[in-house]
Amino acid sequence: MAAESRADAVQADRDYILQTYLKPDFVIERGEGVYLFDTEGRRYLDYVSGIAVNALGYGDPEVTRTIAEQAAKLIHVSNLYHTAPAGDLARRLVESSPAFDRVFFGNSGTEVVEGALKFARRYARDRFGEGKTAIVAFDGSFHGRTMGAVAITAREKYREPFMPVMPGARFARYNDVASLEAAMGDDVCAVILEPVQGEGGLMVADPAFLRAARELCDRHGALLIFDEIQCGMGRTGTLWAHEPSGVRADLMTVAKPLAGGLPIGAVLLSQAVADTIHVGDHGTTFGGNPLATAVGDAVLRRVSDPAFLAHVREVSSYLDESLQDLAADLSGTIIELRGRGLMRGLRLASPAAVAREAAQRRGLLVATAGDDVVRLLPPLIIEPRHVDEAVAVLRQALK
Ligand SMILES: *Cc1c(COP(=O)(O)O)cnc(C)c1O
């Protein structure tokens, strides 16, 4: 029975869903805490979290209750009307980060990256006139799949088949001030970067690089955009990954973990940028709906609690020590450890996809980043015993 329903689900995917993803041939049925279960009752320790989405794991009682209560009251009315949850979440976002004064809600990462690009273009035109439209992004970047976001995403494979994408994008080398300086000019309206790169291989921005980016933006009248869609919301041990650098951006994008698994995105803006955006300049049907924002408010309240962030830092340092030991024992296999907090990369001497499958067979789900990096993105609620369990599986899988 279970095997039949598994075969059916896999077959339906292969017959009817556009095949843009390669999936393993088990079918996930439910989750509990930091574990997922397939239709045949096999258990997986989840170090993917739905790609950095499920920060509170699975079946969190508050998330579940908030969804049920809000759904019974009101799911959607559009942005033509006021609802309370959107304002509550916007207030909490603004109060969580001193650089920002306003929020625009969307439904996904790529949608809010588009929003940030449009706001930057609008600001530049308002303040400096036409022609200041170039966007500087970085090698290793990932900002999404729509025509603007993909134009500033480094991997050519994602961009080339769809040319022409948004014009005006150029790339500099990450963590390389001279390269950024060479890419800058008075035609640049924005510089966009991930304080910790996700898809690009878990590179961490140097604080000095972020400071230099801020200075170069100021010198050229450009806006600085932090894309914290993957690295934000506590994943690196502070609420926002850029926080330890002390650098303030003009815009920030947030999405993946914000609403406990419901689709959501947000652009945070400084008042100076917000002042150039007017009624009718941008919009969205679903963005900021009461269901997603009610859950978002509950998730952000939980994740921004200092005790929660202290837990993330403690379990992160235990993960870090455990990975250092593992890398020392498997020094020919693991070439480099990358990332920060609960966003870690293991650069391997062999294909990451092979390691991912070997871990999966042993009951551990991990992601990859590029061809040679295994990416670990556990729920932020993991405990040291879940670190021990994951590292033991990795030790077997990488042998
Ligand atoms: C996932 C991601 C995006 C795109 O988000 P989607 O919801 O998939 O559109 C953009 N930027 C970063 C850093 C991401 O990790």
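Up top is the structure these notes are about.
Residues numbered from 1 in each chain as written. Predicted model: local features only at pLDDT ≥ 70, side-chain atom pairs only at ≥ 80, totals over all residues. Heavy atoms only, no water.

With that out of the way, let us pick up the sheet that holds strand β11 (residues 334–340). Taking strand neighbours across the sheet as the criterion, the seven strands line up as β1-β2-β3-β13-β14-β12-β11 in an open arrangement whose pairing is mixed. Of all strands in the sheet, those bounded by a partner on one side alone are β1 (28–32) and β11. With strand direction ignored, the average angle separating the axes of adjacent strands in the sheet is 30 degrees. One ladder, built from three bridges, connects strand β2 (residues 35–38) with strand β3 (residues 43–47); its direction is antiparallel. When the bridges of β3 are listed, Phe 37 appears paired with Arg 43. Helix α13 (residues 384–398) contacts β2, β3, β11, β12 (343–348), β13 (364–369) and β14 (373–376) of the sheet and is inclined by roughly 100 degrees relative to β3. (Pairing = 2+ DSSP bridges. Helix = DSSP H or I, 4+ residues; strand = E, 2+ residues; numbered from the N terminus. Axes fitted to C-alpha atoms, helices over the stretch in contact; angles between N-to-C directions. Contact = heavy atoms within 4.5 Å.)

For the rest of this paragraph, the subject is the sheet that holds strand β5 (residues 134–138). To summarise the sheet geometry, strands pair through backbone hydrogen bonds and adopt either a parallel or an antiparallel arrangement. Across the sheet, which stays open at both edges, the seven strands sit in the order β4-β10-β9-β8-β7-β5-β6 with mixed pairing between neighbours. Of all the strands in the sheet, the pair left with one neighbour each is β4 (102–106) and β6 (169–172). Taking the axes of each pair of neighbouring strands and ignoring which way they run, one obtains an average angle of 20 degrees across the sheet. Where β4 and strand β10 (residues 265–269) come together, five bridges link them in antiparallel fashion. Directly across from Val 103, in β10, lies its bridge partner Leu 268. Along the sheet, helix α5 (residues 109–128) contacts β4, β5, β7 (188–193), β8 (223–227), β9 (251–254) and β10; its crossing angle with β9, the most-contacted strand, is approximately 165 degrees.

As far as function goes, none of this settles anything; it's purely spatial.
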